[in-house]
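One-letter residues, chain by chain:
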Amino acid sequence: MAATDRVVLGPLVGSIDQGTSSTRFLVFNAKTAELLSHHQVEIKQKFPKEGWVEQDPKEILQSVYECVEKTCEKLNQLNIDITNIKAVGVSNQRETTVVWDKTTGEPLYDAIVWLDLRTQPTVERLLKIIPGQNKSFLKTKTGLPLSTYFSAVKLRWLLDNVEEIRQAVRDGRAMFGTIDSWLIWSLTGGKNGGVHCTDVTNASRTMLFNIHSLEWDPELCHFFDVPMEILPKVRSSSEIYGLMKSGALTGVPISGCLGDQSAALVGQMCFKDGQAKNTYGTGCFLLCNTGQKPVLSEHGLLTTVAYKLGRDKPVSYALEGSVAIAGAVVRWLRDNLGIVKSSSEVEKLASEVGTSYGCYFVPAFSGLYAPYWEPTARGIICGLTQFTNKNHIAFAALEAVCFQTREILDAMNNDCGIPLSELQVDGGMTNNKILMQLQADILCIPVVKPSMPETTALGAAMAAGAAEGVGVWSLNPEDLTAVTWERFEPQINPEESEYRYARWKKAVMKSMGWEISEPQANGIDK
């Protein structure tokens, strides 16, 4: 077809959205923020032992290449010229830890996923050397409690248990990174000059990063006994890191990088102090922008870097409530129990009963995250009777996501002092209308969803398009496109909501203290 027949749209920006359950590549119009095309590939999760969660870094990288190529093919079919893609942004599942060999480009072990619990004995060992075994000992520097969730303990486990990694460190061949670092290094050339970097948002989830000085902290690295030379260089969330070295987008700059929850905050345009969003993905993450000062939580929330949109731009911080299991509970009903064939079926099952009939489901598969940080908790379903069926369990699973959000919203309101009057939401699960209505009912405030729910990918695209040297996306408030919303208003009376919430709290208490760590689980079976 002649080039003159091509659709002319002005500058476009691509976005790699590498999540826990899938990888996507999406392409946006930089002037209108319209999503033009995308492709998605599901990622395998491996569970080699109870509590262990791994992924293959090469499969993740391959899925990125596949999504980029397939999206570019779709754009060609739509007659859209892919040479208009001026930049690529990266948004990623945070904390997931990769160590690879810089001479071969090969991972030295599978990626240890953020949800993984194998490091509980590592956490307990580290707690023993902390005065008073205080979980919050490192919080003033990191904003985080000592937990299996963050990258430093995963890296410590790898150094303790994988001889190939220890040898690579001794030989000066080892590189550590979260998923963003692994992807950017690989996409910008890998062993042939790949750029080893991360951004401030991802670095702030490692427990090795000082969120005040915005640098790797020698004292923290000493505490975890991590060699600093294996760490990536920390950059802002919006600058040119390097150029794509292969595939349809060879030569296009990678110029945006944000951990997925920070990316969603940007994509929801939460640039003002006090603006918040809740993302429903594998887990559930409520972030509230606290402006240019980090606020330490008194109620079990994390203090994290929200974004730094340019080398010379100020950093913004956020308070975060993290829930480990949200969409993952739906995947569990599908893959483990087999009571649904597809995730969308859960909504249908739940809608047929419209109630859990007194059944409560606490999906503490990886212990409880915010606001409890209780690693001994495990999942329970309680309140069962002979009347309970799979529809009630599906409803209870959706309700669990909403109750967990209520717990972190309560903590957020207590920390901020100003209750949110409505909740901005995004993520894959927000397509479930029953879930959104339930959420409004349980929070007793309206839930508002943007008509374009791909805010994580949008945030990374905005950061990439706005980078110095790219400059195709304006972040000035007056230039940001108006968003259309769908609103869900509370439809039950607050008394009923409070009654159900109190019963949920009772169920949560019953899930705690279930698991004691077993020392023999702390090694790799040779």
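Preceding this section is the structure that the text describes.
Predicted model only: the values in this text are computed from it and were never measured.

Draft legend 1. Representation of the nonpolar core. Core analysis: the biggest nonpolar cluster contains 141 residues, and Leu146, Ile165, Leu208, Phe209, Phe224, Tyr280 and Trp473 have the highest contact counts within it. No other element matches the 14 residues that helix H12 (residues 390–416) contributes to this core. When residues no more than four places from it in sequence are discounted, the contact partners of isoleucine 165 are Val99, Leu108, Tyr109, Leu158 and Leu159. Counting 36 residues, the second-largest nonpolar core is a separate cluster that includes Ile80, Ile82, Ala111 and Leu187.

Draft legend 2. Geometry of the sheet that holds strand S3 (residues 35–42). Reading across from one edge, S3-S2-S1-S5-S14-S13 is the order of the 6 strands in this open sheet, with mixed pairing throughout. The sheet is open, and its two borders are formed by S3 and strand S13 (238–243), each paired with just one other strand. Each neighbouring strand pair of the sheet contributes to a mean axis angle of 25°, computed without reference to strand direction. Bridge count for strand S1 (residues 12–18) against strand S2 (residues 22–29) is 7 bridges, and the pairing is antiparallel. Along S2, the bridge assignment pairs aspartate 17 with arginine 24.

Draft legend 3. Up close: helix H1 (residues 57–77). The end-to-end C-alpha distance of H1 is 30 Å, a good match for the 30 Å that 21 residues give at a rise of 1.5 Å each. Within H1, the full set of buried residues consists of Pro57, Ile60, Leu61, Ser63, Val64, Cys67, Val68, Thr71, Cys72 and Leu75. Each buried residue of H1 lies within a common arc of 160° when the element is viewed along its axis, so the set occupies one face. The backbone nitrogen of lysine 58 lies 2.8 Å from a side-chain oxygen of the residue at the head of H1, namely aspartate 56. Remark: asparagine 79 follows H1 within two positions and exhibits a positive phi of approximately 70°.

Parameters at a glance
Residues numbered from 1 in each chain as written. Predicted model: local features only at pLDDT ≥ 70, side-chain atom pairs only at ≥ 80, totals over all residues. Heavy atoms only, no water. Core = buried A, V, L, I, M, F, W, Y, C linked by side-chain atoms within 4.5 Å. Buried < 20%, exposed > 50% of the residue type's maximum accessible area, 1.4 Å probe, protein only. Helix = DSSP H or I, 4+ residues; strand = E, 2+ residues; numbered from the N terminus. Contact = heavy atoms within 4.5 Å. Pairing = 2+ DSSP bridges. Axes fitted to C-alpha atoms, helices over the stretch in contact; angles between N-to-C directions. Expected span 1.5 Å × (residues − 1). Arc of directions from axis to C-beta. Polar contact = N/O pair within 3.5 Å; in protein donor to acceptor, adjacent residues only side chain to side chain.

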